[in-house]
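Here is what each chain is made of, one letter per residue.
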Amino acid sequence: MSQLHESLEKHTSLYVEAFNAGDFEAMDAFYTEEAVAVWEPGEPLTGQARRDYQREFLTRRPRMTAVPRQSFVTGDTALMIVDWVIETADEQGGPERLQGTGVDVLRLGDDGIWRYAIDDPYGQD
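The structure displayed is predicted, hence computed values, not measured ones. (Residues numbered from 1 in each chain as written. Predicted model: local features only at pLDDT ≥ 70, side-chain atom pairs only at ≥ 80, totals over all residues. Heavy atoms only, no water.)

Let us look at helix α3 (residues 47–58). Compared with an ideal rise of 1.5 Å per residue, which puts twelve residues at 16 Å, α3 spans 17 Å between its outermost C-alpha atoms and is within 8% of the ideal. Of the residues making up α3, those classed as buried are Arg50, Arg51, Gln54, Phe57 and Leu58. Around the axis of α3, the buried residues are gathered within 130° of arc, so they sit on the same side. (Helix = DSSP H or I, 4+ residues; strand = E, 2+ residues; numbered from the N terminus. Expected span 1.5 Å × (residues − 1). Buried < 20%, exposed > 50% of the residue type's maximum accessible area, 1.4 Å probe, protein only. Arc of directions from axis to C-beta.)

The subject of this paragraph is the nonpolar core. Ranked by internal contacts, the top residues of the largest apolar core, which has 25 residues, are Tyr15, Phe19, Tyr31, Ile86 and Leu106. Those elements that provide at least two residues to this core are α1 (3–21), α2 (24–28), β1 (31–40), α3, β4 (77–89), β5 (95–108) and β6 (114–120). Sequence-distant contacts of Phe19, that is, excluding residues within four places in its chain, are made with Met27, Phe57, Leu58, Pro62, Arg63, Met64 and Ile86. (Core = buried A, V, L, I, M, F, W, Y, C linked by side-chain atoms within 4.5 Å. Contact = heavy atoms within 4.5 Å.)

With that out of the way, let us pick up the packing of aromatic side chains. For any pair of aromatic rings, geometry is given as the distance between the ring centres together with the angle between the planes. Here the structure, examined in full by the defined rule, presents nine aromatic pairs. Ring geometry for Tyr15 against Phe19: centres 6.4 Å apart, planes inclined by 35°, an arrangement best described as tilted. Highlighted residues: Tyr15 and Phe19, both in helix α1, separated by four residues, approximately one helical turn. Both residues of the pair, Tyr15 and Phe19, count as buried. Each ring, one from Tyr31 and one from Trp39, has its centre 6.2 Å from the other, and the planes form 85°; the classification is edge-to-face. Each member of the aromatic cluster is reached from another via a ring pair, and the members are Tyr15, Phe19, Phe30, Tyr31, Trp39, Tyr53, Phe57 and Tyr116. Here the basic side chain of Arg50 rests over the ring of Tyr31, its NZ or CZ set 4.5 Å away from the ring centre. Above the face of the Phe24 ring, Arg55 is positioned so that its terminal group lies 3.9 Å from the ring centre. (Phe/Tyr/Trp six-rings, centres within 6.5 Å; stacked < 30°, edge-to-face > 60°. Lys NZ or Arg CZ within 6 Å of the ring centre and 35° of its normal.)

Burial runs high along β6: five of the seven residues are buried. Both β5 and β6 contribute to a ladder of six bridges, which runs antiparallel. Opposite Asp104, over in β6, you have Asp119 as the bridge partner. What sits between β5 and β6 in their antiparallel hairpin is a turn of five residues, with Gly112 showing a positive phi close to 85°. (Pairing = 2+ DSSP bridges.)

Our focus in this paragraph is the sheet that holds β5. Pairing within the open sheet is mixed, and its six strands lie in the order β2-β1-β6-β5-β4-β3. The sheet terminates laterally at β2 (43–46) and β3 (63–74), the two strands that pair on one side only. Direction aside, neighbouring strands of the sheet carry axes that sit 25° apart on average. Pairing between β4 and β5: 13 bridges, direction antiparallel. Across the sheet, Asp83 pairs through a bridge with Thr101, a residue of β5. α3 contacts β1, β2, β4 and β5 of the sheet and is inclined by roughly 55° relative to β1. (Axes fitted to C-alpha atoms, helices over the stretch in contact; angles between N-to-C directions.)

No statement about biological role is implied by the geometric values presented.
Here is the structure:
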(Lines give C-alpha, C1' and ligand atoms only; values in the text may rest on other atoms or scores of the structure.)
Protein backbone atom coordinates (compact mmCIF):
# COMPACT_ATOMS: atom_id res chain seq x y z
CA MET A 1 0.00 0.00 0.00
CA SER A 2 1.40 3.41 -0.94
CA GLN A 3 2.02 6.14 1.59
CA LEU A 4 -0.83 8.22 0.08
CA HIS A 5 -3.25 5.28 0.45
CA GLU A 6 -2.11 4.76 4.04
CA SER A 7 -2.74 8.43 4.84
CA LEU A 8 -6.25 8.07 3.36
CA GLU A 9 -6.96 5.12 5.68
CA LYS A 10 -5.69 7.18 8.61
CA HIS A 11 -7.87 10.09 7.48
CA THR A 12 -10.96 7.89 7.81
CA SER A 13 -10.09 6.73 11.33
CA LEU A 14 -9.30 10.30 12.48
CA TYR A 15 -12.56 11.58 10.98
CA VAL A 16 -14.55 8.86 12.78
CA GLU A 17 -12.76 9.73 16.02
CA ALA A 18 -13.70 13.43 15.72
CA PHE A 19 -17.26 12.51 14.70
CA ASN A 20 -17.73 10.17 17.67
CA ALA A 21 -16.34 12.79 20.03
CA GLY A 22 -18.93 15.27 18.72
CA ASP A 23 -16.07 17.68 17.95
CA PHE A 24 -17.52 19.96 15.27
CA GLU A 25 -14.37 22.06 14.86
CA ALA A 26 -12.18 18.99 14.35
CA MET A 27 -14.67 17.51 11.87
CA ASP A 28 -14.97 20.76 9.94
CA ALA A 29 -11.19 20.77 9.48
CA PHE A 30 -11.58 17.57 7.38
CA TYR A 31 -13.33 19.58 4.63
CA THR A 32 -12.06 21.99 2.00
CA GLU A 33 -13.47 25.49 2.28
CA GLU A 34 -15.72 24.92 -0.77
CA ALA A 35 -16.64 21.30 0.05
CA VAL A 36 -19.96 19.81 -1.01
CA ALA A 37 -21.70 17.37 1.33
CA VAL A 38 -24.78 15.33 0.43
CA TRP A 39 -26.02 14.05 3.80
CA GLU A 40 -29.60 13.94 2.55
CA PRO A 41 -29.72 12.18 -0.84
CA GLY A 42 -30.22 14.70 -3.63
CA GLU A 43 -29.62 17.73 -1.37
CA PRO A 44 -26.02 18.96 -1.69
CA LEU A 45 -24.89 21.51 0.90
CA THR A 46 -21.93 23.87 0.84
CA GLY A 47 -20.50 26.64 3.00
CA GLN A 48 -22.43 27.67 6.10
CA ALA A 49 -25.40 25.42 5.22
CA ARG A 50 -23.05 22.39 5.31
CA ARG A 51 -21.58 23.49 8.63
CA ASP A 52 -24.99 24.19 10.19
CA TYR A 53 -26.34 20.76 9.19
CA GLN A 54 -23.25 19.03 10.54
CA ARG A 55 -23.31 20.95 13.84
CA GLU A 56 -27.02 20.18 14.33
CA PHE A 57 -26.57 16.47 13.53
CA LEU A 58 -23.83 16.17 16.15
CA THR A 59 -26.27 17.30 18.86
CA ARG A 60 -27.89 13.84 18.54
CA ARG A 61 -24.63 12.27 19.79
CA PRO A 62 -24.21 9.88 16.85
CA ARG A 63 -21.66 7.04 16.83
CA MET A 64 -20.06 6.00 13.56
CA THR A 65 -18.06 3.09 12.28
CA ALA A 66 -16.49 3.36 8.83
CA VAL A 67 -14.46 0.91 6.77
CA PRO A 68 -12.73 2.03 3.58
CA ARG A 69 -13.54 -0.41 0.78
CA GLN A 70 -11.48 1.09 -2.04
CA SER A 71 -9.32 4.14 -2.67
CA PHE A 72 -7.81 5.52 -5.82
CA VAL A 73 -5.22 8.30 -5.91
CA THR A 74 -4.01 10.47 -8.77
CA GLY A 75 -1.80 13.39 -7.89
CA ASP A 76 -3.49 15.44 -5.16
CA THR A 77 -6.95 13.92 -5.71
CA ALA A 78 -8.44 10.74 -4.27
CA LEU A 79 -11.66 8.81 -4.65
CA MET A 80 -12.75 6.72 -1.67
CA ILE A 81 -15.52 4.17 -1.35
CA VAL A 82 -16.40 3.73 2.34
CA ASP A 83 -18.95 1.48 4.09
CA TRP A 84 -20.33 3.19 7.19
CA VAL A 85 -22.92 2.80 9.94
CA ILE A 86 -24.20 5.50 12.28
CA GLU A 87 -26.17 4.73 15.44
CA THR A 88 -28.04 7.85 16.53
CA ALA A 89 -31.38 9.18 17.75
CA ASP A 90 -34.21 10.25 15.48
CA GLU A 91 -36.02 13.57 15.90
CA GLN A 92 -38.26 12.04 18.61
CA GLY A 93 -35.26 10.69 20.53
CA GLY A 94 -35.75 7.06 19.53
CA PRO A 95 -32.91 4.87 18.24
CA GLU A 96 -32.06 5.22 14.56
CA ARG A 97 -29.55 3.27 12.47
CA LEU A 98 -28.23 4.86 9.30
CA GLN A 99 -25.91 3.09 6.91
CA GLY A 100 -24.58 3.35 3.42
CA THR A 101 -21.66 3.23 1.07
CA GLY A 102 -20.09 6.61 0.62
CA VAL A 103 -18.39 7.91 -2.47
CA ASP A 104 -15.97 10.68 -1.50
CA VAL A 105 -13.55 12.88 -3.40
CA LEU A 106 -10.65 14.22 -1.36
CA ARG A 107 -7.95 16.75 -2.08
CA LEU A 108 -4.47 16.64 -0.57
CA GLY A 109 -3.57 19.98 1.00
CA ASP A 110 -0.16 21.63 0.91
CA ASP A 111 0.07 20.60 4.57
CA GLY A 112 -0.14 16.89 3.63
CA ILE A 113 -3.68 16.48 4.99
CA TRP A 114 -6.51 14.95 2.94
CA ARG A 115 -9.76 16.94 3.01
CA TYR A 116 -13.18 16.17 1.59
CA ALA A 117 -14.03 18.15 -1.53
CA ILE A 118 -17.17 16.02 -2.03
CA ASP A 119 -18.67 13.97 0.80
CA ASP A 120 -21.53 11.79 -0.47
CA PRO A 121 -22.37 9.19 2.20
CA TYR A 122 -25.19 7.72 0.12
CA GLY A 123 -23.18 7.82 -3.10
CA GLN A 124 -24.05 4.30 -4.19
CA ASP A 125 -27.79 4.54 -3.55
